[in-house]
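Close look at the chain arrangement
Each chain, written out:
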2 protein chains.
Amino acid sequence: MKITSRFTVAVHTLLVIYIFGKECKTTSDFIAASVQVNPVVIRRTLLSLKAAGMIDVKAGSGGASIIKDLKDITLYDVYKAVDAVENSNGGIFHFHENPNPHCPVGRNIHSVLDSHLADAQTAMENELKKITLYQLVAELNENL
Amino acid sequence: MKITSRFTVAVHTLLVIYIFGKECKTTSDFIAASVQVNPVVIRRTLLSLKAAGMIDVKAGSGGASIIKDLKDITLYDVYKAVDAVENSNGGIFHFHENPNPHCPVGRNIHSVLDSHLADAQTAMENELKKITLYQLVAELNENL
DNA sequence: TATAGCTGTAATTAAAAAGATTACAACAAG
DNA sequence: CTTGTTGTAATCTTTTTAATTACAGCTATA
């Protein structure tokens with residue numbers, strides 16, 4: 001089980017909008033062609049990014065544009081925007097669901113493990129906070 | 001998608017073996033009753049832990065016992081033992097599979113993102129290295 | 001040495017999760 | 001008013017994961 005590809009798709013999407021936004025109309029179809037997923041997947045991604053205040057999407061006429069400084073968008077922001085890990089659901093670790101409450105270990109396994117797993121997840125997320133899209137664009141340009 | 005429950009099951013399993021190992025014969029059925037999963041799941045877990053040199057399993061007569069100092073077993077060791085994240089498969093992040101090689105963004109998205117995602121995963125794993133099973137047992141005893 | 005209780009392991013089934021796809025109403029611009 | 005696009009629901013399909021069934025082989029013990 002993994003962190004949903006919505007995350008990498010969203011990063012890819014933002015980069016395409018940024019790189020091509022001036023020359024082309026970056027529609028869901030256009031972006032979908034670069035990411036190679038169904039355009040509906042991109043539309044849903046665009047909705048999330050819009051809700052997070054990162055982009056503007058023109059209904060009807062089409063096309064998306066970035067409305068936030070790339071220096072102020074970290075990978076973590078994107079990760080959160082697309083809800084890459086439903087935290088309603090306990091995070092990135094899949095816990096076995098029904099430990100036996102009549103067993104002293106089963107009864108306490110959650111209270112013993114949960115905080116450590118949460119710490120591990122937080123460490124990962126903090127790493128994502130260190131990288132901005134501005135950096136990614138710079139790295140991308142090196143490779144062009 | 002998440003990190004497989006094999007991991008939390010394995011931690012649970014080790015704790016049960018440690019706590020009950022002196023009074024009971026900790027068979028796969030016994031452990032399965034605490035974890036509340038199918039005994040076969042426990043047997044597979046035991047095989048992984050045995051291969052990692054953490055436990056000894058008696059074929060035939062039954063029962064498992066810990067053969068490594070709990071201070072020398074970290075959560076990371078267990079995580080690795082059960083192959084919680086197949087690293088053949090690129091780690092905990094699910095990357096969209098077919099970025100378009102004819103697009104400059106699609107062609108380079110991997111080279112730009114991969115190392116940052118790997119760093120994030122490593123940060124998470126390093127956090128798991130900080131916690132030993134010895135600590136968990138101590139925390140468990142506080143709750144008994 | 002017969003047997004009872006386990007482990008080791010393959011094969012299959014079932015369930016859950018995630019993404020892909022289809023479909024279509026609403027909208028904006030020419 | 002037509003064309004191209006977004007917003008969004010509904011429905012497959014695929015993939016992944018765990019559960020289950022089944023049984024051969026081992027080991028202690030009677």
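All values derive from a computational prediction rather than experimental measurement.

Attention now goes to the relation of the copies chain A and chain B. Both copies of the chain are placed relative to one another by a rotation about an axis and a shift along it. The two copies are related by a screw motion: chain A maps onto chain B through a turn of 180° and a shift of 0.0 Å along the axis, at an RMSD of 0.1 Å. Put plainly, the chains are arranged around a two-fold axis. Comparing interface residues between copies, 100% of those in chain A also lie at the interface in chain B; the contact surface is shared.

Our focus in this paragraph is the side chain of Thr13(B). Note on placement: Thr13(B) falls in helix α1 (residues 6-20). Apart from the residues within four sequence positions on either side, Thr13(B) is in contact with Ile31(B), Val35(B), Ile42(B), Thr45(B), Leu46(B) and Leu49(B).

Residues and elements named next belong to chain B. The topology assignment puts Leu-49 in helix α3 (residues 39-51). Looking at Leu-49, the relative accessible area reads 0%, which means it is buried. Along the primary structure Leu-49 and Lys-68 are separated by 19 residues, whereas in three dimensions their C-alpha atoms are 11 Å apart. Residue contacts for Leu-49: discarding those within four places in its chain leaves Ala-10, Thr-13, Leu-14, Met-54, Ile-55, Val-78 and Ala-81.

In this assembly, 53 residues from chain A lie in contact with 53 residues from chain B. Note on chain A versus chain B: buried area summed over both sides is about 4,800 Å², and carbon and sulfur give 69% of it. There are zero salt bridges connecting chain A and chain B. Our enumeration of links across chain A and chain B arrives at 20 residue pairs in polar contact (both at pLDDT 80 or more). Looking at the side of chain A that touches chain B, the elements that each hand over two or more residues are α1 (6-20), α2 (28-35), α5 (104-129) and α6 (133-143) of chain A.

This part takes up unusual backbone geometry. All names here are of chain A. Unusually for a residue other than glycine, Gln-36 sits at a positive phi of about 60°. Examined against the element boundaries, Gln-36 turns out to sit in the loop between α2 and α3 (39-51). Here Gln-36 falls in the partly exposed class, since its relative accessible area comes to 40%.

Those residues of helix α6 (residues 133-143) of chain B that fall on the buried side of the exposure criterion are Leu133(B), Leu136(B), Val137(B) and Leu140(B). The buried side chains of α6(B) occupy one side of the element, clustering within an arc of 100° when seen end-on. Of the surrounding elements, those touching the buried residues of α6(B) are α5 of chain A together with α1 and α4 (75-81) of chain B.

Next up on the list: the pattern of salt bridges. All names here are of chain A. Applying the stated criterion across every chain yields a total of two salt bridges over all chains. Glu-127 serves as the salt-bridge partner of Lys-130, at 3.2 Å between the closest nitrogen and oxygen. The class of Lys-130 is exposed, set by a relative accessible area of 54%.

Our focus in this paragraph is the nonpolar core. Judged by nonpolar contacts, the single largest core of 92 residues is most densely connected at Phe7(A), Met124(A), Leu128(A), Phe7(B), Met124(B) and Leu128(B). Excluding anything up to four places from it in sequence, Leu128(B) contacts Phe93(A), Leu117(A), Ala120(A), Phe7(B), Thr74(B), Leu75(B), Tyr76(B) and Tyr79(B).

Quick look at α3(A) now. Residue and element names in this part refer to chain A. For α3, which comprises 13 residues, the first-to-last C-alpha distance of 18 Å matches the rise-based estimate of 18 Å (1.5 Å per residue) to within 8%. Considered for burial, the residues of α3 that qualify are Ile-42, Thr-45, Leu-46 and Leu-49. Considered in projection along α3, the buried side chains sweep an arc of 105° and stay on one side of the axis. Along α3, exposed side chains directed more than 90 degrees from the buried face belong to Arg-44, Leu-47 and Ala-51. Those residues of α3 that are buried are in contact with α1, α2, β1 (55-57), β2 (64-66) and α4 (75-81). One or two steps after α3, the chain reaches Gly-53, where phi turns positive at roughly 75°.

Okay, the packing of aromatic side chains next. What the rule picks out here adds up to eight aromatic pairs over all chains. Ring centres of Phe7(A) and Phe93(B) lie 5.8 Å apart, and the angle between their planes is 40°; on these two criteria the pair is classed as tilted. With Phe7(A) in helix α1 and Phe93(B) in the loop between α4 and α5 (104-129), the pair connects residues from two separate chains. Under the relative-accessibility criterion, Phe7(A) is labelled buried at 1%. Exposure remark for Phe93(B): the relative accessible area of 5% places this residue in the buried category. Through a chain of ring-to-ring contacts, the aromatic side chains of Phe7(A), Tyr76(A), Tyr79(A) and Phe93(B) assemble into a single cluster. Above the face of the Tyr76(A) ring, Lys129(A) is positioned so that its terminal group lies 4.6 Å from the ring centre.

Here is what the cut-offs are and how they apply
- Residue numbering note: each chain is counted from 1, following its sequence as written.
- Key to labels: chains lettered from A, ligands numbered from 1, both in the order written.
- Only residues with pLDDT of at least 70 get local features here, since the model is predicted, and only at 80 or more are side-chain atom pairs given and counted; chain-wide, interface and lining totals rely on the full set of residues.
- Side-chain calculation: all heavy atoms of the structure are included, whereas hydrogens and water are not.
- We superpose the copies by least squares over the C-alpha atoms of residues that have a pLDDT of at least 70 in both of them.
- Whether two residues touch is decided by their heavy atoms; if any such pair falls within 4.5 Å, the residues are in contact.
- Put simply, DSSP H or I for four residues or longer makes a helix, DSSP E for two residues or longer makes a strand, and each gets a number counted from the N terminus.
- Buried means the residue's accessible area, taken with a 1.4 Å probe over protein chains only, is under 20% of the maximum for its type, while exposed means over 50%, and partly exposed covers the values in between.
- For any pair of parts, buried area is found by adding up, for both, the accessible area (1.4 Å probe) each one loses once the two are put together.
- The salt bridge criterion pairs a side-chain nitrogen of Lys or Arg with a carboxyl oxygen of Asp or Glu, the two atoms within 4 Å.
- Two N or O atoms form a polar contact when they lie within 3.5 Å of each other; inside protein one atom must be a possible hydrogen donor and the other a possible acceptor, and for residues adjacent in sequence the pair counts only when both atoms belong to side chains.
- Arc definition: directions from the helix axis to the C-beta atoms.
- Buried Ala, Val, Leu, Ile, Met, Phe, Trp, Tyr and Cys residues that are joined via side-chain atoms within 4.5 Å together make up what is termed a nonpolar core.
- By definition here, a helix of n residues has an expected span of 1.5 Å times n minus one.
- Stacked, tilted and edge-to-face are the three classes applied to pairs of Phe, Tyr and Trp rings, where Trp contributes its six-membered ring and a pair requires centres within 6.5 Å; stacked means planes under 30 degrees apart, edge-to-face means over 60, and tilted covers the rest.
- Ring-over charges, as used throughout, are those where CZ of Arg or NZ of Lys falls within 6 Å of the ring centre and within 35 degrees of the ring normal.

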